[in-house]
Amino acid sequence: MPLSVETFRGETGALHWPVCRVLQAHRMQMATTHMRDLFAADPARAERFSLQVGDVLLDYSKNRITDETMALLLRLAEEADVAGWRERMFGGEKINNTENRAVLHVALRNRSNQPAIVDGEDVMPKVNAVIEKMGAFAKQVRSGEWRGYSGERITDVVNIGIGGSDLGPQMAVQALMPYRHPQLKAHFISNIDGAHVKEALESLNPATTLFIVASKTFTTQETMTNAHYARTWFLAQAQDERHIVGHFVAVSTNREAVTAFGIDPANMFEFWDWVGGRYSLWSAIGLSIVLAVGVERFDELLDGAHAMDEHFRHAPLDRNMPVILALLGVWYNNFFGAESHAILPYDHALRSLPAYLQQADMESNGKSVDRDGKVVDYDTGPIIWGATGINGQHAFYQLLHQGTRLIPADFIVSVEPHDDLQEHHDILIANVLAQTEALMRGRTREETQLEMGSPQTSPFVQHKVFDGNHPSNAILLQTLTPHTLGMLIALYEHKIFVQGVIWNLNSYDQWGVELGKQLASRILPELHADAPVDSHDASTNALINHYRRMNHPHTDLY
Ligand SMILES: O=P(O)(O)OC[C@H]1O[C@](O)(CO)[C@@H](O)[C@@H]1O
C-alpha cells in the first residue's frame, strides 16, 4: 500500500513556533474533513474566504481550512513577527544579513514618494532619476528619433541577461503584449547554449538592433559571453567601434565593468545592491519593458505593485492577501508534507509566470540554513512548477486529480480578455472553473457508479473515482493590464517574504548557485587541456574525458 498524501510527517520536520503544536493537532482533526462537506455545511464559505484588493480577487475557500485553521495560522504569523519583519523591510533595515544589504525593491515602486532610507540616505531621488532617464531614452527609441549608425530607426531590442535580469522583463513584456509598440520587437537572449544567440540574431539587422546588456554584477559568464558575441556580430557589419554607443546600452550596478565593455556610461541605467536580481524588474532591469510598452505603462506597472505594497503593509493580517497565501502555503508545506506548488495561469500572456515565480520563490526560500546559520529541521520552500493551465489539463492534470501527491495550486485568470474571441474565452473560463471544482469536490464511488450505470462490482469504477479535497486558490484579475500585473507580481513577492519570515530564512541571498559556478570555472579549461583529466571524482573525470574524446574525435588526445 503506497503512503497516502494524508500521511502526516510527524514531529520531526515540524516548525518550532509555539502554535505549531496546536496546528499539528488541528491538522490531525482536519485529516478526515472533506472540503465538499465544509461547503455543504456553510453556504457563506466562499464569501468568507475571499478577498478583493483593487482589481484582484482571491478566492481561497477551496482550501482545507476552517475558521479555526485560519485563526491558528494567523497566530503563527504573529508569533513569527511577520508585521515586525515587514516594517524592517520597508524601513530599509539590512535584513539580507549574509550580504549586509537592505531589501528595498518596494522603494522602486514607491509611488507615494515618501522617503525610503538606506544607510541614512533617502534613495527616492535616485530611483526617480533613473525612471526618468529610462523614460527619456525609451521615448527617443520608440519615436524613431534614436537612430542606428546607418541612420535607420531601431526596430529590434535585444535584452541579454539571465535569471532575474531576463525572466522578469521577458515575462512582463510577454504579459503586456497588447500594449507593445507596433514597430519595436523585443527579444531575449539568456542561454549560453550558442543556439540561443544564433537563433535570436539570425533574422536581425545590426543597423536597426539595440542591445541591452542587463546584468546586476556585469560579471555573469553567460551574459557577458553572449554580450561579447553580440558585439562581434554587430561590428562585423558596423565595422567601426564608435558605432557601439548607439547600439549597446547597459543595466547594471557595476559602472567600471560597463565602461570596460565599451558602453558609454551615459547609456548605463543604474540600480543598487539593495535590489535583488529576482526582485529587479521594477528597476532599470525593466528597460526592455519600458521600450516595449512605454514609460506610462511602466508607471502603471509600478502603481499596481505599489497598491499591493500598501495593502500588504497596512491591511490587518487576517485580511492581507500575501499573508493569507503565504500561510496557506505553509499549512500544506509543513503540516501536510506537500512538496510542490503549482502555478497555473489561464491566460496565454502569463505563460512565463511559472518560470518567473520559480526563480522568485525557489531562489529565495530554497534553503536549509536559517538566517542565524543553523541547519533547519523543517521543510522550507516548495518546488514551484506549472504551465498555462489549459495546456496542463491535457498533460499533467491527471496526476493533480488522481495521483498520490498533494499539490496545492494557484489558478490565475483574467476575467476580460484583450481579444474579441468570446467563444475561446468562455471555453477557457468554463475549464478553469471546472478544474477547481473537480479538484475540490472530486467524484465519489456512488456518484461514479450512478453516472456509469455500472454494477457495484465493476472493477472499472474505482478508476473513475476522484477523491477530491485537493486545495487550490483562484486569483482573478479584472483584465491583465500593467496595473494588475504589477499587483500580481508584488502579491507573490510578499507571499515569499512572509514564508521566509515564518521559516526564519534570509530570502534575499542565493549562495546555492555559487558552487556550480565555481566548479564550472575549474572544468572549463580542462575541456581543452593537453592531458586527460583526473582531478575530480571518477564519474566527473570520465564524463569530461568522454566529452573531450567525442568533441575532438580527430585528435589523438589519448
Ligand atoms: O544580473 P546578474 O548579476 O547577471 O545575475 C543574474 C542572476 O544570477 C543569479 O545571481 C544566480 O546565479 C541570480 O540571482 C541573478 O538574477
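Definitions and limits used
- Residues numbered from 1 in each chain as written.
- Predicted model: local features only at pLDDT ≥ 70, side-chain atom pairs only at ≥ 80, totals over all residues.
- Heavy atoms only, no water.
- Helix = DSSP H or I, 4+ residues; strand = E, 2+ residues; numbered from the N terminus.
- Rg over C-alpha atoms; globule rule 2.2 N^0.38 Å.
- Buried < 20%, exposed > 50% of the residue type's maximum accessible area, 1.4 Å probe, protein only.
- Contact = heavy atoms within 4.5 Å.
- Areas by Shrake-Rupley, 256 points an atom, 1.4 Å probe, with all protein chains shown as cover.
- Core = buried A, V, L, I, M, F, W, Y, C linked by side-chain atoms within 4.5 Å.
- Domains from an automatic or database assignment.
- Near = heavy atom within 4 Å.
- Polar contact = N/O pair within 3.5 Å; in protein donor to acceptor, adjacent residues only side chain to side chain.
- 1 Å grid on protein atoms, 1.4 Å probe; cavity = no way out; pocket = protein on both sides within 12 Å on 5 of 7 lines; lining within 4 Å.
- Sits in = over half its atoms within 2 Å of the grid points.
- UniProt positions renumbered as here; feature names shortened; annotations may be inferred.
- Pairing = 2+ DSSP bridges.
- Axes fitted to C-alpha atoms, helices over the stretch in contact; angles between N-to-C directions.
- Nonpolar A, V, L, I, M, F, W, Y, C, P; charged D, E, K, R; others polar.

## A word on the overall build of the chain
Along its length, the chain carries 22 helices and 13 strands. By the compact-globule yardstick of 24 Å for 558 residues, the chain fits well, its C-alpha radius of gyration being 26 Å. Overall size of the chain, expressed as C-alpha extent along the three principal axes, is 80 × 65 × 55 Å. By the burial criterion, 53% of the 558 residues in the chain qualify as buried. Residue pairs at least 24 apart in sequence account for 72% of intrachain contacts in the chain once pairs closer than 6 positions are excluded. For the chain, the computed accessible surface area is about 24500 Å², with 54% contributed by carbon and sulfur atoms.

## Description of the nonpolar core
One finds W274, L291, I475, L485 and I502 to be the most contacted residues of the largest nonpolar core, which totals 125 residues. The leading source of residues in this core is helix α20 (residues 482-502), at 12 residues. Split by domain, the residues of this core number at least three in each of domain 1 (48-63 + 338-480) and domain 2 (107-298).

## Re the site of the ligand
The ligand sits among 14 residues. The nearest are S165, S215, K216, T217 and T220. In the model, an oxygen atom of the ligand is placed 2.5 Å from a nitrogen or oxygen of the T220 side chain. One nitrogen or oxygen atom from the side chain of K517 is found 3.1 Å from an oxygen atom belonging to the ligand. Because more than half of its atoms lie within 2 Å of the grid, the ligand is assigned to the largest pocket.

## Focus on the UniProt feature "active site" (unreviewed entry) in the chain
The UniProt record marks E363, H394 and K517 with the feature "active site" (unreviewed entry), using the residue numbering of this structure. For the annotated residues, spread through 155 residues, the largest C-alpha to C-alpha distance comes to 36.8 Å, inconsistent with a single compact locus. As for the annotated residues named above, the ones lining the largest pocket are E363 and K517. Position of H394 among the secondary structure elements: in the loop between α16 (389-393) and α17 (397-402). Using a relative accessible area of 73% as the deciding quantity, one classes H394 as exposed.

## Looking at the sheet that holds strand β2 (residues 56-59)
Pairing in this open sheet of 6 strands is mixed, and the strands run β1-β2-β13-β12-β10-β11 from one edge to the other. Each end of this open sheet is capped by a strand with a single partner; those strands are β1 (50-53) and β11 (383-386). Strand-to-strand twist across the sheet, computed as the mean angle between neighbouring axes with direction ignored, equals 20°. Note: strand β12 (residues 409-416) against strand β13 (residues 472-479), 7 bridges, orientation parallel. Note that in β13 the partner of S414 across the bridge is L477. Strands in contact with helix α18 (residues 422-441) are β10 (340-346), β12 and β13; relative to β12, the strand with the most contacts, it is inclined by about 150°. Along the sheet face, α20 touches β1, β2, β10, β12 and β13 and points at about 155° away from the line of β13.

## Thoughts on the sheet that holds strand β8 (residues 248-252)
Strands sit in the order β6-β5-β7-β8-β9 across an open sheet of 5 strands; the sheet is parallel. Only two strands of the sheet have a single partner each, and these edge strands are β6 (185-189) and β9 (268-270). Averaged over all pairs of adjacent strands, the angle between their axes in this sheet comes to 20°, without regard to strand direction. Sheet analysis places strand β5 (residues 156-160) next to strand β7 (residues 209-214), joined by 5 bridges and oriented parallel. Within β7, the residue paired with D156 across the bridge is T209. Along the sheet, helix α10 (residues 221-238) makes contact with β5, β6, β7 and β8, crossing β7 at roughly 160°.

## Here we look at the packing of helix α7 (residues 124-143) against helix α13 (residues 295-314)
Two quantities define a packed helix pair, namely the angle between the axes and the distance from one axis to the other. α13 packs onto α7 with a crossing angle of 145° between their chain directions and a minimal axis gap of 9 Å. Contacts between α7 and α13 involve I131, M134 and G135 on the former and, on the latter, V295, F298, D299 and L302. Looking at the contact of α7 with α13 residue by residue, the classes come out as 5 nonpolar, 1 polar and 1 charged.

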